[in-house]
Amino acid sequence: MRVTPPGADTASSSTSSKVVLITGAAHGIGECTARRLCSHGYRVALTDIDPRVLTVAQSLGDGARGWVADLVDPEAVAGLVKAAHAAWGRLDGIVNNAAFQRERADVVAEPIAVWERVINVCLRAPFLMAKYGVPLMMRQGAGAIVNVSSIHALRAYPHSPAYDTAKAGLNGFTRQIVLEYGAYGIRANSVLPGLIIESEASPEQIAHYPVGRVGRPEDVASVIEFLLDDALSGFISGAEISVDGGLMAYSPEVRPPQPPLHPATSSASSLEASLPPSQDIPGPGDQRAAADDDSAH
Ligand SMILES: NC(=O)c1ccc[n+]([C@@H]2O[C@H](COP(=O)([O-])OP(=O)(O)OC[C@H]3O[C@@H](n4cnc5c(N)ncnc54)[C@H](O)[C@@H]3O)[C@@H](O)[C@H]2O)c1
């Protein structure tokens, strides 16, 4: 049963009144998400350990505020959530995007301090954000949390023991939020990006991606926006959405076809020759007939 607290302000579904706190917003996916949300009428509270977050916030005008904070510090996170809420009097979304990924060692060689830093930024910080942010959302009777995880949550990559562990843990933590606070109108989802870069990708990098390219920050930002918006994704909670151009869809034992089977430069006749005979492709009438026959959905 849904719990709606007395006086809860759940009436507005307009993005223009919504406030979203985004961590790790000084550059990359976080900055891109901030710019996208702001351009669509959200108010964005931005934070990062990197002071460049203040420049990003300033460039976005009245709809944005910036704070420099180290998310490893519980008091800093509590203060940040409070300040973000105080700025516009509400908190509708949290995007846990900040990460620390400077591991260069296997498990045996991993310095304990590096393990702890990675776990604290990638896993404990989202816990702290929820610890202090969820009560505010419960009071409103609504809220959306998007945890930026990784395909590293699904597959082990060399020399990143803490990062892979933290991202897998983050997916589990997302499910805890779903279970415990869904009744208060709070949704939580994980986004699992593949390689996301703003620079030119090498042919070797692209070769792994069935869609024929690696990702850009916009690819992730658009999914985050979708998951924040109750009108678009109100029945999605606990999902793990890979934003990876198909990378996780195939077995590591195979490689996507290289070069493409049907390059855009193919002549019409060679493309035609590689397609199944036209009588094997059902026309609109055939599809209708097939649908009429099929009552077992
Ligand atoms: N770029 C990719 O290929 C990729 C792939 C999979 C997942 N991801 C995830 O996407 C998210 C964003 O990645 P990105 O590539 O844009 O990275 P990025 O390095 O541009 O952004 C991460 C931000 O987190 C901030 N940060 C680090 N430690 C912090 C701390 N203690 N307190 C506050 N802020 C801190 C950094 O300063 C940085 O601005 C991360 O969670 C990352 O794990 C990225």
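Described below are features of the structure shown in this document. (Residues numbered from 1 in each chain as written. Predicted model: local features only at pLDDT ≥ 70, side-chain atom pairs only at ≥ 80, totals over all residues.)

Regarding the site of the ligand
The condition that has to hold: Using a C-beta atom placed from the backbone for every residue, we mark a residue as near a molecule or strand if that atom lies within 6 Å of it. Secondary structure elements follow DSSP: runs of H or I of four or more residues count as helices, runs of E of two or more count as strands, with numbering from the N terminus. Residues are grouped as follows: nonpolar covers Ala, Val, Leu, Ile, Met, Phe, Trp, Tyr, Cys and Pro; charged covers Asp, Glu, Lys and Arg; every other residue, Gly included, is treated as polar.
For the ligand, the set of nearby residues contains 24 residues, the closest of which are G24, G28, A98, A99 and S150. Examining the composition of the shell around the ligand, we find that three residues originate from one element, helix 1 (residues 28-39), more than from any other. Here the shell around the ligand is composed, by residue class, of 13 nonpolar, eight polar and three charged.

Digging into the packing of helix 1 against helix 7 (residues 217-228)
To keep it simple, the criterion reads: Under this scheme, a helix contributes an axis fitted over its contacting stretch, all axes are lines through C-alpha atoms, and angles between N-to-C directions fall in the 0 to 180 degree range. Orientation categories follow fixed angle ranges, with anything under 35 degrees roughly parallel, anything over 145 roughly antiparallel, 65 to 115 roughly perpendicular, and all other angles oblique. By definition, any crossing whose near helix is turned counterclockwise from its far helix by less than a right angle is left-handed, and any crossing with a clockwise turn is right-handed. Contact between residues is assigned whenever the C-beta positions, reconstructed from backbone atoms, fall within 7 Å.
One way to put it is that helix 1 packs onto helix 7 with a least axis distance of 8 Å and a crossing angle of 55°. In this view, helix 1 runs oblique relative to helix 7, as classed from their interaxial angle. Between helix 1 and helix 7 lies a crossing whose hand is right-handed. Together, G28, I29, C32, T33, R36 and L37 of helix 1 and P217, E218, V220, A221, I224 and E225 of helix 7 make up the contact between the two elements. Its residues placed into classes, the contact of helix 1 with helix 7 shows seven nonpolar, two polar and three charged.

So, the environment of A142
Formally: Each residue is classified by how many other C-beta atoms fall within 10 Å of its C-beta atom, where C-beta atoms are placed from the backbone; a count of 20 or more means buried, 12 or fewer means exposed, and values in between mean partly exposed.
Among the secondary structure elements, A142 is positioned in the loop between helix 4 (112-140) and strand 5 (143-148). By C-beta crowding, A142 is classed as buried, having 24 other C-beta atoms within 10 Å. Separated by 51 residues in sequence, A142 and L91 have C-alpha atoms that sit 9.2 Å apart.

Thoughts on the packing of helix 3 (residues 74-88) against helix 4
It is the contact of helix 3 with helix 4, at a shortest axis distance of 9 Å, that shows an interaxial angle of 40°. Judged by the angle between their axes, helix 3 and helix 4 are oblique. For helix 3 against helix 4, the interelement crossing comes out right-handed. Facing P74, V77, A78, V81 and H85 of helix 3, the residues of helix 4 in contact are A125, L128, M129, Y132, G133 and L136.

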